[in-house]
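Listed below are the residues making up each chain.
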Amino acid sequence: MDISRRKKDHVDLTVAGLAGYRKSSGLESVELLHNALPEVNLNEISLEATLLGRAFSYPLLISSMTGGYDRASEYNAVLASFCEDNNLPMGVGSQRAMLEQPALVDSFSIVRKHAPTAFIAGNIGGAQLIGGLSRNQVDILTRSIGADAIIVHLNPLQELLQPEGDVNFRGVLEGIASLAAMSDVPVIVKETGAGISAAVAGRLLDAGVSVIDVAGAGGTSWGRVESLRTETESVFDEWGIPTVDCLLQMRSLRSRSFGLIASGGIRSGLDIVKSCALGADFSASAQPVMKALAENGRDGLERLLARWQADSRIALCLIGCTSFGEAGIRHIRRTTDTI
Ligand SMILES: Cc1cc2nc3c(=O)[nH]c(=O)nc-3n(C[C@H](O)[C@H](O)[C@H](O)COP(=O)(O)O)c2cc1C
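These remarks concern the structure in this document. (Residues numbered from 1 in each chain as written. Predicted model: local features only at pLDDT ≥ 70, side-chain atom pairs only at ≥ 80, totals over all residues. Heavy atoms only, no water.)

## Section: the pattern of salt bridges
Put simply, the test is: Take a side-chain nitrogen of Lys or Arg and a carboxyl oxygen of Asp or Glu: if they are within 4 Å of each other, that pair is a salt bridge. The numbering of helices and of strands both runs from the N terminus, where a helix is a DSSP run of H or I of at least 4 residues and a strand a run of E of at least 2.
Under the criterion given, the structure shown has 16 salt bridges. One salt bridge in this structure joins E31 and R333, with 2.8 Å as the shortest N-O distance. Taken as a pair, E31 in strand β1 (residues 31-32) and R333 in strand β12 (residues 332-334) lie far apart in primary sequence, 302 residues in all. When salt bridges with common partners are traced through the structure, they connect D9, E164, E226 and R229 into a single cluster.

Shown next, in the form of structure tokens:
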């Protein structure tokens, strides 16, 4: 099956809400500590947050999703202008298709046309980095979209379950190190829903990676996506480290300097406050954004953002904070895991 068809299947299955984990990201079990005396004025709360030295209006990265098939250009154009107007960062979907079929470049480069100043990150799979990309390939990835960062996605689970997937993962870390050394823009590494452990994050930081996006379990399940696509039963639908687990593990690395993004099952403005209290600098979301876009276009995106921002503001007020930066582990009342 070609890449364009596969990307379209991914959007259709996730938008239909069929591809979620049954297990939770863990965020439902995290409670913020209610403050009956917040001494905060709701109207003075700032929702701003910083990633890679840049200030954004809200700690929400529109996760890498689409590109490389017919409707992708349309979706990317709307997502891009939404990010431009709201000062949010955006990741494009995997640019592998574009490297393989140069005719598809337009479905990605359209992003920069609609978002001349927004923070846009490129995207490539770890498996594509085995053996190292050439300087020319790195230039194509970044220049086609005027990238501010390159996101490398790690998805061994999905690759192993796809009939046409990669099965060799030897050399991915070396490929990431070579990309980080060659690239003029910072490298972010993410999973796609199965999570990144502290041990893996430590090796990525040693390789020169600037930001880790945990993309843990509890949101979109790529195990489930693949069993639906191939209509086979799989024992791997629930495989992965829940997002909260990943965030708690990352606490052991906090003496090192890196950006930490919480994603995988971020489904509300409250989840974003919880994630920041658990140590994340930023959050990212994919499925709810794609669903809002596919069902209600730009309006749907604006409504989702307004609701999430309003809920984040209320949650920050109720824990007595005037910004995300003030939220910390002391604002957590309880989780199922030990903090
Ligand atoms: C339709 C769709 C397409 C995706 N395509 C990509 C991709 O090309 N590259 C990538 O790094 N992640 C991709 N992802 C994974 C997301 O970026 C994200 O890590 C994952 O879905 C978990 O977030 P969620 O629970 O908010 O959906 C895709 C997700 C969706 C829903």
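## Quick notes on the packing of helix α2 (residues 72-86) against helix α12 (residues 287-318)
Selection rule: Convention adopted: a line fitted to C-alpha atoms gives each axis, helices being fitted over their contacting stretch, and angles between N-to-C directions are expressed from 0 to 180 degrees. In what follows, roughly perpendicular refers to angles from 65 to 115 degrees, roughly parallel to angles under 35, roughly antiparallel to angles over 145, and oblique to any angle outside these ranges. Here is the rule for handedness: rotate from the far helix to the near one, and if that takes an anticlockwise turn smaller than a right angle the crossing is left-handed, while a clockwise turn gives right-handed. The contact criterion used is simple: two residues touch if any of their non-hydrogen atoms lie within 4.5 Å. Amino acid classes used here: Ala, Val, Leu, Ile, Met, Phe, Trp, Tyr, Cys and Pro are nonpolar; Asp, Glu, Lys and Arg are charged; the rest, including Gly, are polar.
Put simply, α2 and α12 touch, their axes get as near as 11 Å, and they point 15° apart. Looking at the two axes, α2 sits roughly parallel to α12. By crossing handedness, the relation of α2 to α12 is classed as left-handed. Residue-level inspection shows Y75, V78, L79, S81, F82, D85 and N86 of α2 in contact with α12, the latter providing V289, M290, L293, A294, R298, L301, E302 and L305. Grouping the amino acids of the contact of α2 with α12 by side-chain chemistry returns 10 nonpolar, 2 polar and 3 charged.

## Examining helix α9 (residues 222-230)
Just so we agree on the cut-off: Note on classification: 1.4 Å probe, protein chains only; a residue is buried when its accessible area is under 20% of the maximum for its type, exposed when over 50%, partly exposed between these limits.
With 7 of its 9 residues buried, α9 lies for the most part within the structure. By the burial criterion, the buried members of α9 are W222, G223, R224, V225, E226, S227 and R229. Within two residues after α9, E231 carries a phi angle of roughly 50°, on the positive side.

## Topic: unusual backbone geometry
Its identity as a non-glycine residue notwithstanding, L52 has a phi of 50°, on the positive side. Mapping L52 onto the fold places it in the loop between β2 (49-51) and β3 (54-56). The residue N87 is not glycine, and still its phi comes out positive at about 50°. Examined against the element boundaries, N87 turns out to sit in the loop between α2 and β5 (90-91).

## A word on α2
Where we set the bar: Multiply 1.5 Å by the residue count of a helix minus one, and that product is the helix's expected span.
The terminal C-alpha atoms of α2 lie 21 Å apart, and with 15 residues this matches the ideal 21 Å at 1.5 Å per residue to within 8%. In the stretch just after α2, N87 is the one whose phi turns positive, near 50°.

## Overview of the site of the ligand
Just so we agree on the cut-off: For each residue, the test is whether any non-hydrogen atom lies within 4 Å of the molecule or strand; if one does, the residue is near. Within 3.5 Å is the distance limit for a polar contact, defined as a pair of N or O atoms, with the added protein rule that one can donate a hydrogen and the other accept it, and that residues adjacent in sequence qualify only through two side-chain atoms. Surface accessibility follows the Shrake-Rupley procedure with a 1.4 Å probe radius. Residue values consider only the protein chains on display as shielding.
Neighbouring the ligand are 24 residues, the closest being K7, S64, S94, T220 and R267. Separating an oxygen atom of the ligand from a backbone N or O atom of S64 is a distance of 2.8 Å. R267 is positioned with one of its side-chain polar atoms (N or O) 2.9 Å from an oxygen atom of the ligand. Considering the ligand on its own, with 600 Å² of exposed area, one finds that the protein chains cover 98% of that surface. In terms of residues, the shell around the ligand owes the most to one element, helix α1 (residues 3-15), which gives 4 residues.

## Looking at the nonpolar core
What tends to happen in soluble globular proteins is that the nonpolar side chains get buried as a cluster. Inclusion rule: For the purposes of this section, nonpolar cores are sets of buried Ala, Val, Leu, Ile, Met, Phe, Trp, Tyr and Cys residues that join through side-chain atoms within 4.5 Å.
In this structure, Y58, I62, M90, V152, I176, V189 and I212 are the most contacted members of the largest nonpolar core, which totals 84 residues. Considering every element that reaches this core, the biggest residue donor is α12, with 11 residues. Residues contacting I212, with those up to four places away along its chain left out, are V189, I196, A201, L204, L205, M250, F258, G259, L260 and I261. Counting residues in hydrophobic clusters, the runner-up holds 13 residues, among them L51, L61, F119 and I151.

## Comments concerning a nonpolar patch on the surface
Test applied: Residues enter patches when they are more than 30% accessible in relative terms and free of salt bridges; like-charged ones are connected within 9 Å and nonpolar ones (Val, Leu, Ile, Met, Phe, Trp, Tyr) within 5 Å.
A cluster of nonpolar residues, L42, I314 and L318, forms a patch on the protein surface that exposes about 230 Å² of accessible area. Note that L318 resides in helix α12.

## A look at the packing of helix α11 (residues 269-277) against α12
With their axes 7 Å apart at the nearest point, α11 and α12 run at an angle of 50° to one another. Comparing the axis directions of α11 and α12 gives the class oblique. Crossing handedness for the pair α11 and α12: right-handed. Along the contact surface, α11 presents G269, L270, I272 and V273, while α12 presents W308, D311, S312, A315 and L316. Class assignment for the residues of the contact of α11 with α12 results in 6 nonpolar, 2 polar and 1 charged.

## With respect to the side chain of E191
Spelled out, the test is: The sign given to each residue is positive for Lys and Arg and negative for Asp and Glu; His and the chain ends receive no count.
Structurally, E191 can be placed in the loop between β8 (187-190) and α8 (198-206). Comment: no salt bridge for buried E191; closest opposite-charge side chain is K190, at 7.4 Å. Side chain to side chain, E191 and T192 meet in a polar contact 3.5 Å long. Not counting residues within four places of it along the chain, the set of residues in contact with E191 comprises L154, N155, P156, I196, D213, V214 and A215.

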